[in-house]
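In case you want the letters, here they are:
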Amino acid sequence: MALVLSGRKYARVVRASLRDRVSELQGSAPGLAVIMVGDDPASRVYVGAKEKACKKVGFNSRVIGLPAETSEADILGLVGELNCDDTVHGILVQLPLPDHISVDRVASAVLPEKDVDGFHPVNVGRLWRGEEGLFPCTPSGIVGLLHHHDISMRGKNALVVGRSNIVGKPMAALLLRENCTVTVAHSRTVDLMGQCRKADILIVAVGKPEMIQRDWVKPGAVVVDVGMNRNSNGKLVGDVAYNDVFDVCSAITPVPGGVGPLTIAFLLENTFKARAKSSAE
Ligand code: GUN
């Protein structure tokens, strides 16, 4: 019988703690600005959820929607204005951006101290160097979830499957900071199944429905599924075959209700942290 690691429940705990901390603040509430360029339907849903989450914990939020044809220069100009706005503690530029806009240039334009996505190269450097900074929300949420359940990471073999800049790479860095022995696997990895079978902590972020099957998992492993896919029946499934893997692992995140809710909860945490840092200066 595996322990179900509910991100939904843990996100509630994080939000309740944030509400308490906001109520004790002197001065202005934490403020988050979200820039959305174009009309991607999934982005609209995510941005709406971020706005709602801000309200729930007493943050100010501002959503700036821009047409898909907006120039990169205009977006950089807007980011520059928000960088100088003292009521804005966190700036998030919703991805994907239209093809004519460089994600790297936009991410690098956000002040590192307001970079609540943790995408700025300065924050990436701080993350790998073991320094204080703002780090990507989904991997931060996963580490928080494991701590919340008293799952020890120290010295464990952790395998991260997937090497994206948003999840895989920062996940590896955070697990290293938790003293795991970390391996990063990806689409070119030879014997991926063999690698998975060695992992005490298996984190999967590949976007392939139910790729990880029962015989890929080491008995007693902790399994974290970052995937959100529709299978051939239109059902929402993760990258892990949940029912198959359930009684071979010691703990597992469900889909939905596992990793998904953590991203926004830790976006709020990062915004709070950015506000605390700005008022300490
Ligand atoms: N689009 C999908 N996930 C994310 C995220 O974590 N941050 C941003 N900025 N855009 C996204």
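Quick notes on the rules
Residues numbered from 1 in each chain as written. Predicted model: local features only at pLDDT ≥ 70, side-chain atom pairs only at ≥ 80, totals over all residues. Heavy atoms only, no water. Pairing = 2+ DSSP bridges. Helix = DSSP H or I, 4+ residues; strand = E, 2+ residues; numbered from the N terminus. Contact = heavy atoms within 4.5 Å. Axes fitted to C-alpha atoms, helices over the stretch in contact; angles between N-to-C directions. Near = heavy atom within 4 Å. Polar contact = N/O pair within 3.5 Å; in protein donor to acceptor, adjacent residues only side chain to side chain. Areas by Shrake-Rupley, 256 points an atom, 1.4 Å probe, with all protein chains shown as cover. Nonpolar A, V, L, I, M, F, W, Y, C, P; charged D, E, K, R; others polar. Patch = residues over 30% accessible without salt bridge, like charges linked within 9 Å, V, L, I, M, F, W, Y side chains within 5 Å. Salt bridge = Lys/Arg side-chain N within 4 Å of Asp/Glu carboxyl O. Lys, Arg positive; Asp, Glu negative; His and termini not counted. Charge placed at Lys NZ, Arg CZ, Asp CG, Glu CD. Buried < 20%, exposed > 50% of the residue type's maximum accessible area, 1.4 Å probe, protein only.

Asks: I'd like to hear about the sheet that holds strand E11 (residues 251-252), residue by residue, with values.
Replies: Strand order in this open sheet of 6 strands is E1-E11-E8-E7-E5-E6, and the pairing throughout is parallel. Of all the strands in the sheet, just strand E1 (3-4) and strand E6 (181-185) have a single pairing partner and so form its edges. Sheet strands touched by helix H7 (residues 168-177): strand E5 (157-161), E6 and strand E7 (201-204). Its angle to E5, the strand with the most contacts, is close to 170 degrees.

Asks: An account of the sheet that holds strand E4 (residues 90-93) is requested, with residue identities and associated values reported.
Replies: In space, the 3 strands of this open sheet follow the order E3-E2-E4, with parallel pairing throughout. A single partner strand is all that each edge strand has here, and the edge strands are strand E3 (60-66) and E4. Strand-to-strand twist in this sheet, taken as the mean axis angle between neighbours without regard to direction, amounts to 15 degrees. Bridge count between strand E2 (residues 31-37) and E4: 4 bridges; the pairing is parallel. Considered in E4, the bridge of Val 34 is made with Leu 92.

Asks: Tell me what's going on with the site of the ligand, and back it up with residues and numbers.
Replies: Within the structure, the ligand sits among Leu 92, Val 93, Gln 94, Leu 95, Asp 117 and Phe 119. Between a nitrogen atom of the ligand and a main-chain N or O atom of Leu 95, the distance comes to 2.9 Å. For the ligand, a nitrogen atom lies 2.6 Å from a polar atom in the side chain of Asp 117. When isolated, the ligand has an accessible area of 280 Å², and the protein chains bury 79% of it. A breakdown of the residues in the shell around the ligand according to their chemical character gives 4 nonpolar, 1 polar and 1 charged.

Asks: Kindly report on the packing of helix H5 (residues 121-129) against H7, identifying the contributing residues and their values.
Replies: Closest axis-to-axis distance for the H5/H7 pair is 8 Å, and the angle between their directions is 35 degrees. Contacts between H5 and H7 involve Arg 126, Leu 127 and Trp 128 from the first element and Lys 169, Pro 170, Ala 172, Ala 173, Leu 174, Leu 176 and Arg 177 from the second. A breakdown of the residues in the contact of H5 with H7 according to their chemical character gives 7 nonpolar, no polar and 3 charged.

Asks: Can you break down a positive patch on the surface residue by residue, with the values?
Replies: On the surface, a cluster of positive charge is made up of Arg 8, Lys 9, Arg 12, Arg 19, Lys 52 and Lys 56. Of all the secondary structure elements, the ones that give two or more residues to the positive patch are helix H1 (7-23) and helix H2 (41-57). Inspection of the secondary structure puts Arg 12 in helix H1. Residue Arg 12 is classed as partly exposed on the basis of its relative accessible area, which comes to 48%.

Asks: Quick rundown of the pairing of strand E8 (residues 222-225)? Include the residues and the values.
Replies: The alternating pattern of E8 places Val 222 and Val 224 on one face and Val 223 and Asp 225 on the opposite face, and all of these are buried. Strand direction decides the pairing type here: E7 and E8, joined by 4 bridges, are parallel. Across the sheet, residue Val 204 finds its bridge partner in E8, namely Asp 225. Alignment of E8 against E11, held across 2 bridges, turns out to be parallel. Paired with Val 222 across the strands is Ala 251, a residue of E11.

Any functional reading would require information that these geometric values do not contain.
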